[in-house]
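A look at the structure
In case you want the letters, here they are:
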Amino acid sequence: MIEAVGLTKHYGKTVAVDNLSFTVRPGQVTGFLGPNGAGKSTTMRMILGLDNPTGGQVLIDGKRYRQLHRPLRTVGALLDAKWVHPNRSARSHLRWMARSNGIADRRVDEVLELVGLTAVAKRNAGGFSLGMSQRLGIAAALLGDPSVLLFDEPVNGLDPEGILWIRNFMHRLAAEGRTVLVSSHLLSEMAQTAQELVVIGRGKLISQSSTAEFIEQASENTVRVRSPQVDLLRAALLGDGATVTDDGVDGALVVHGMEPAAIGELAAARGVTLHELSPQRGSLEEAFMQLTKESVEYHAHGDEVPVQDLPV
Amino acid sequence: MTLLAVERIKLFSTRSPWWCTLLALALPIGLASIIAANSNSDFPLTVSLTQTGYTFGLIVIMVLAALAITTEYRFGTIKSTFQAVPNRTAPLVAKAVVVTLLAGVVGEAAAFGALGISKLIKPDVALTLSSSTEWRNVAGVGLVYACGALLALGVGMLIRQTAGAVSILLVWALLAENLVTLIPKIGVKIQAWLPFHVADHFLNGGEPTPRGRDGGPAAVVYHLSPWGSLLYFAGVSLAVLIIGIVVTNKRDA
């Protein structure tokens, strides 16, 4: 269980995290979602006691990170897979971490086996591919068999196989009753990984809800209808207060602001035959953009460039 | 205790400390053998002369110590370190103990190695440690290395970048302290209180500076006894280290 209360971090005049409060519960994967620069990594560093909050606090199982005895046994984290000495072997890297928290060397070999790095354990970590480094980072996070796990953008730059492996791994960790917090800037990735979402933008909390709820509330739901009596249907819908636009492909209508059931009932009451009645779910990325467009730190203005007239 | 083991694993599981150790031994011993081979009746070999190269080893040891902390910042392992042990003072002190012990041992090995090789090259010259001054000349090198390592660690903690920390140490020890003499009148007086000069006074004090380290017309007059000089050097080093630890505790990792 992670509880952030009024967490705030200023770097000079820049406000990286602004009065952020959220709760991460055990037994499920919680996605920590926000555009780049939203303050996700800063928040994770504050959870781990690496950065000192300007205000507020974050508690892990009721304690500040610095109060934890042998913290690797409570919290495992992978913030950056490249945080290893390139000329130190994978095994030595894990060995010093294990030793510092009274973890037996046997456990080092166990986690190496778990992430599939046993064969390269004696090789220098500097020569690892991104996927291997990521696995080493996960091995380090699992060393102390912790009940809380933090992963910062764990699938960034991985190939599909690596992404799938990490995703399944997180599900397994959560199913074991652990608290798992995973950050990402991709909602589509989170939708497949997380059951709960904490969404932030510009350091502020935008929402905390289940992933399904978030998508539900964020995306605009529309209904696509086709009918041989298009004009009759359109008039009936407009008369009932719905907004109707033409789909343009095959004479279908797109209805905003009315549930499929209501449309069906309306059509039946007016004796209109329906050939299609299909709810359209807005895409995840649309939903995400919708909610965070106010809070993206770095905008690209490419699409605002005026089209220049060609000389005649 | 466990933290000492942790820092020992960290230090010796990469290659650069091994190379630095080797270099810190080879330079003073190599220089001693060249000096011994070229000594004659006009240029007699003495115990203190065999230790001429200690500065080279000291510089290398300070580079090793600075690297021990700056590479942690360079590669981000400092975050893992503080994640594993959130009470930052503990791992930093453990690192200081391990690095200082190594520096001390290397210093003693380099000093006695330099003396030994000189004896081998010039068996006729009586290079015996008969006086306390001669003992200090040789056995003191390890103590100076140990203090130098503390100082370099402190600078490394404050600067956090290898290039920055190493250049500050090199410029300070090799350049700045010697250039102070250029200031008329007070230059020499200031020099008497500069840490590396005072450390040199600990090793070679009590006899006229044989190496003319300063080279200027006016000789530096030290106000401290040789052992007082060591305490002074140790105190300055420890102060820098403590500032480094305090600042590290306050800063974001």
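Residues numbered from 1 in each chain as written. Chains lettered and ligands numbered in written order. Predicted model: local features only at pLDDT ≥ 70, side-chain atom pairs only at ≥ 80, totals over all residues. Heavy atoms only, no water.

On to the overall build of chain A, then. When helices and strands are counted, chain A shows 10 helices and 13 strands. Reported as C-alpha extents along the three principal axes, the dimensions of chain A are approximately 75 × 50 × 40 Å. Of all 312 residues assigned to chain A, the portion counted as buried reaches 49%. Counted over contacts in chain A with a minimum sequence separation of 6, partners at least 24 positions apart contribute 68%. One way to put it: in chain A the 31 positive side-chain charges average out to a point 14 Å from where the 35 negative ones average out. (Helix = DSSP H or I, 4+ residues; strand = E, 2+ residues; numbered from the N terminus. Buried < 20%, exposed > 50% of the residue type's maximum accessible area, 1.4 Å probe, protein only. Contact = heavy atoms within 4.5 Å. Lys, Arg positive; Asp, Glu negative; His and termini not counted. Charge placed at Lys NZ, Arg CZ, Asp CG, Glu CD.)

The next thing to look at is the sheet that holds strand β9 (residues 204-210) of chain A. Residue and element names in this part refer to chain A. Spatially, the 6 strands line up as an open sheet ordered β5-β6-β7-β3-β8-β9, and their pairing is mixed. The sheet is open, and its two edges are formed by β5 (75-78) and β9, each paired on a single side. Direction aside, neighbouring strands of the sheet carry axes that sit 15° apart on average. Sheet topology places β5 next to strand β6 (residues 148-152); 4 bridges connect them, and they run parallel. The residue of β6 that forms the bridge with leucine 78 is phenylalanine 151. The strands touched by helix α7 (residues 211-218) within the sheet are β8 (196-201) and β9, with β9 carrying the most contacts at an inclination of about 115°. (Pairing = 2+ DSSP bridges. Axes fitted to C-alpha atoms, helices over the stretch in contact; angles between N-to-C directions.)

Before going further, it helps to examine the packing of helix α2 (residues 16-38) of chain B against helix α4 (residues 54-74) of chain B. Residues and elements named next belong to chain B. In contact at an axis separation of 7 Å, α2 and α4 are set at 170° when each is read in the N-to-C sense. Between α2 and α4, the interaxial angle falls into the category roughly antiparallel. Only Tyr54, Phe56, Gly57, Val60, Ile61, Leu64 and Leu67 of α4 make contact with α2, whose side of the interface consists of Ser16, Pro17, Cys20, Thr21, Leu23, Ala24, Leu27, Pro28 and Leu31. A breakdown of the residues in the contact of α2 with α4 according to their chemical character gives 13 nonpolar, 3 polar and no charged. (Parallel < 35°, antiparallel > 145°, perpendicular 65-115°, else oblique. Nonpolar A, V, L, I, M, F, W, Y, C, P; charged D, E, K, R; others polar.)

On to the domain arrangement of chain A. When the domains of chain A are assigned, the result is domain 1 (2-217) and domain 2 (220-280). Its C-alpha centre places domain 1 of chain A at a distance of 46 Å from the equivalent point of domain 2 of chain A. (Domains from an automatic or database assignment.)

A few words now on the pattern of salt bridges. The full count for this structure, using the stated rule, is 18 salt bridges over all chains. The shortest N-O distance in the salt bridge between glutamate 110 of chain A and arginine 107 of chain A comes to 3.0 Å. Here the residue glutamate 110 of chain A and the residue arginine 107 of chain A both occupy positions in helix α3 (residues 105-114), the gap between them amounting to 3 residues, near one helical turn. Under the relative-accessibility criterion, arginine 107 of chain A is labelled buried at 19%. The partner of glutamate 176 of chain A in a salt bridge is arginine 178 of chain A, and the shortest N-O contact between them spans 2.7 Å. Using a relative accessible area of 48% as the deciding quantity, one classes glutamate 176 of chain A as partly exposed. The class of arginine 178 of chain A is buried, set by a relative accessible area of 13%. Each of Glu7, Lys10, Glu72 and Lys95 of chain B takes part in a single network of salt bridges with overlapping partners. (Salt bridge = Lys/Arg side-chain N within 4 Å of Asp/Glu carboxyl O.)

Bringing the side chain of glutamate 72 of chain B into the picture now. Residues and elements named next belong to chain B. Its place among the elements puts glutamate 72 in helix α4. Polar side-chain contacts of glutamate 72 include one of 2.7 Å to the side chain of lysine 95. Once residues lying within four places of it in the same chain are set aside, the contact partners of glutamate 72 are Glu7, Lys10, Thr77, Ile78, Thr81 and Lys95. (Polar contact = N/O pair within 3.5 Å; in protein donor to acceptor, adjacent residues only side chain to side chain.)

Right, let's get into helix α9 (residues 260-270) of chain A. Residue and element names in this part refer to chain A. For α9, the set of buried residues is Ile263, Leu266 and Ala267. The buried residues of α9 occupy an angular sector of 100° when the element is viewed end-on, so they sit on one face. In α9, those exposed residues whose orientation departs by more than 90 degrees from the buried face are Ala261, Glu265, Ala268 and Ala269. Turning to α9, the residues buried within the fold contact β10 (222-226), α8 (230-239), β12 (253-256) and β13 (276-280). One or two residues past the end of α9 sits glycine 271, with phi positive at roughly 70°. (Arc of directions from axis to C-beta.)

It is worth spelling out the confidence of the model for chain B at this point. Averaged over every residue, the pLDDT of chain B is 92; the share at 70 or more is 95%. Residue range residues 208-212 of chain B is modelled with pLDDT below 50. Its contacts to residues more than four positions away, or to other chains, number 6 contacts. (pLDDT = per-residue confidence, 0-100.)

A few words on unusual backbone geometry. Here the phi dihedral of arginine 70 of chain A falls at roughly 45°; this positive angle occurs in a residue that is not glycine. Within the secondary structure layout, arginine 70 of chain A lies in the loop between β4 (55-60) and β5.

The next thing to look at is the nonpolar core. In terms of nonpolar packing, the biggest core is built from 88 residues, with Leu150 of chain A together with Tyr145 of chain B touching the most fellow members. Element by element, the count of residues in this core is highest for α4 of chain B, at 13 residues. In terms of nonpolar packing, the next biggest core, distinct from the first, is built from 54 residues, Val84, Ile103 and Val180 of chain A together with Leu3 of chain B among them. (Core = buried A, V, L, I, M, F, W, Y, C linked by side-chain atoms within 4.5 Å.)

Moving on to helix α5 (residues 77-84) of chain B. Counting buried positions along α5 of chain B gives 8 out of 8 residues, so the element sits mostly inside the fold. Among all positions in α5 of chain B, only Thr77, Ile78, Lys79, Ser80, Thr81, Phe82, Gln83 and Ala84 of chain B are buried. The secondary structure elements touched by the buried residues of α5 of chain B are β5 and α2 (90-100) of chain A together with α1 (2-12), α4, α6 (89-121) and α11 (226-250) of chain B.

All right, on to the environment of glycine 244 of chain B then. Residues and elements named next belong to chain B. Position of glycine 244 among the secondary structure elements: in helix α11. Residue glycine 244 is classed as buried on the basis of its relative accessible area, which comes to 0%. Placed 10 residues apart in sequence, glycine 244 and alanine 234 show a C-alpha to C-alpha distance of 15 Å. If we skip the residues at most four places from it in the chain, glycine 244 touches Gly154, Met157 and Leu158.

This next bit is on the interface of chain B and chain A. Each side of the interface is counted separately: chain B has 28 residues, and chain A has 27 residues. Carbon and sulfur atoms make up 58% of the area that chain B and chain A hide from each other, which totals about 2,500 Å². Counting the contacts that link chain B with chain A gives 1 salt bridge. Salt-bridge contacts for aspartate 252 of chain B lead to lysine 9 of chain A; the nearest nitrogen and oxygen are separated by 2.8 Å. Where chain B touches chain A, the interface holds 10 residue pairs in polar contact (both at pLDDT 80 or more). Taken together, the elements giving at least two residues each to the side of chain B that touches chain A come down to α1, α5 and α11 of chain B. For the side of chain B that touches chain A, the per-class residue count stands at 10 nonpolar, 10 polar and 8 charged. (Buried area = accessible area lost by both parts, 1.4 Å probe.)

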